[in-house]
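# Residue-level structural notes
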Amino acid sequence: MRDHYRITITNYSGAKHYTLTQLMRRFLAGFGVFLGTCFLGGFLAILFLSTRLATLNAEVADLQQYQAAIKEENTALLSEQQQLKESVEEKVAALSIISDELGSIETMIGLAPGPDVALYERLDTASQTASEKHAMLSAIPSGYPLADAHVTSRYGMRNHPVLGKMALHGGADLRAAVGTPVYATADAVVELAGASNSGFGRMVKLSHNFGFVTIFGHLSKAVVASGDYVRQGDLIGYSGNTGLSTAPHLHYEVRHLHRRLAPGPFMEWSWENYDVLFTREEQIKWDSLAKTLRKPTAVPERRWSQLAPRLPATSS
């Protein structure tokens, strides 16, 4: 048995002889088997990993789809929760407003319900006074005289911008370009409309019920005349820069029985902010006013003989 082999390699330059022993041949054969086994094992491992990877990718896709569905459902639940929360807050706020309004109206008209009286038991009594509330809001100056109002100078002592000395600012100055529409803040009769000898320049003076008066100064034009009747929200003129004024604006005053009042609470007074006037303006006897509104109009009964004209006596 041979223990070696000779390998001859021939090319154009000649022949070369190599001797391969039996041990080396076996080594090369074993090494070839090893490489083949590694290749086959690697191929099988790659095939297995590829299959596993495809399975994992499919599982990941399913999980992502499930996560998206859960996220969408969670978003819908959060939206529904927010809507329910807003609805509850609105109902609580509405109930609070109703309760506060009932309490303020009952206090004004002299009712004092016990703390254990339920809201629905008070509602009928309060509903009878809702018309009084509307009557007060329309008869007494309320709200701003401009559609877009911004107060630049409030009621109180200040350094007069024209006279240059400390003086009482008897109203509120509202920023308004020349020609801005000015509206009545309550039902009234026009007492004065036009130029005046005061520092208000062209002005409108409205006389309201219960002794209230409002003044609108520095107007460029008045669209009402003395003696006219106006309703709350009616156009009465346009703002300007007449009189003692350094820039276009509207001077707005509220007076009661010839006494100037801070117009701020009256401008902030509204259905939603009904208590602000009574808590901040305490010089007016609101309880007496409310009782007057609540009293039915009494019509004295007269006999027909008192209504019929008296004829002179004649002798027969």
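Per an unreviewed UniProt entry, the protein chain goes by Peptidoglycan DD-metalloendopeptidase family protein and derives from Zhongshania arctica.

Our next topic: the packing of aromatic side chains. Aromatic rings in a pair are described by how distant their centres are and how their planes are angled relative to each other. A full pass over the atoms with the stated rule returns seven aromatic pairs. For the pair Phe-212 and Trp-286, a centre-to-centre distance of 6.3 Å together with 20 degrees between the ring planes defines the contact as stacked. Residue Phe-212 is located in strand S10 (residues 212-222), and its partner Trp-286 is located in helix H6 (residues 286-294); the two are separated by 74 residues in the primary sequence. Here Phe-212 matches Trp-286 in class, with each residue buried. With a centroid separation of 5.3 Å and 65 degrees between ring planes, the pair formed by Tyr-274 and Phe-278 is classed as edge-to-face. Like Phe-278, Tyr-274 is buried. What links up through ring pairs into an aromatic cluster is the set Phe-212, Phe-266, Trp-269, Tyr-274, Phe-278 and Trp-286. Stacked on the ring of Trp-271, the Lys or Arg Lys-133 has its end atom at 3.7 Å from the ring centre.

One non-glycine residue, His-218, adopts positive backbone phi at about 65 degrees. Of note, His-218 is situated in strand S10. Here the phi dihedral of His-258 falls at roughly 65 degrees; this positive angle occurs in a residue that is not glycine. In this structure, His-258 sits in the loop between strand S13 (249-256) and strand S14 (259-261). The exposure class assigned to His-258 is exposed, which follows from its relative accessible area of 82%.

Turning our attention to the layout of surface pockets. Approximately 440 Å³ is the volume attributed to the largest pocket. What lines the largest pocket is a set of 25 residues, and nearest its centre among them are Arg-158, His-160, His-169, His-218 and His-251. At the level of elements, strand S3 (151-153), strand S5 (166-169), strand S6 (172-175) and S13 are the ones that each hand at least two residues to the lining of the largest pocket. Each residue belonging to the lining of the largest pocket can be placed in one class, and the counts come to eight nonpolar, 12 polar and five charged.

Rules used in this analysis
- Residues numbered from 1 in each chain as written.
- Predicted model: local features only at pLDDT ≥ 70, side-chain atom pairs only at ≥ 80, totals over all residues.
- Heavy atoms only, no water.
- Phe/Tyr/Trp six-rings, centres within 6.5 Å; stacked < 30°, edge-to-face > 60°.
- Helix = DSSP H or I, 4+ residues; strand = E, 2+ residues; numbered from the N terminus.
- Buried < 20%, exposed > 50% of the residue type's maximum accessible area, 1.4 Å probe, protein only.
- Lys NZ or Arg CZ within 6 Å of the ring centre and 35° of its normal.
- 1 Å grid on protein atoms, 1.4 Å probe; cavity = no way out; pocket = protein on both sides within 12 Å on 5 of 7 lines; lining within 4 Å.
- Points joined across faces, edges and corners; volume = space filled by probe spheres on them.
- Nonpolar A, V, L, I, M, F, W, Y, C, P; charged D, E, K, R; others polar.

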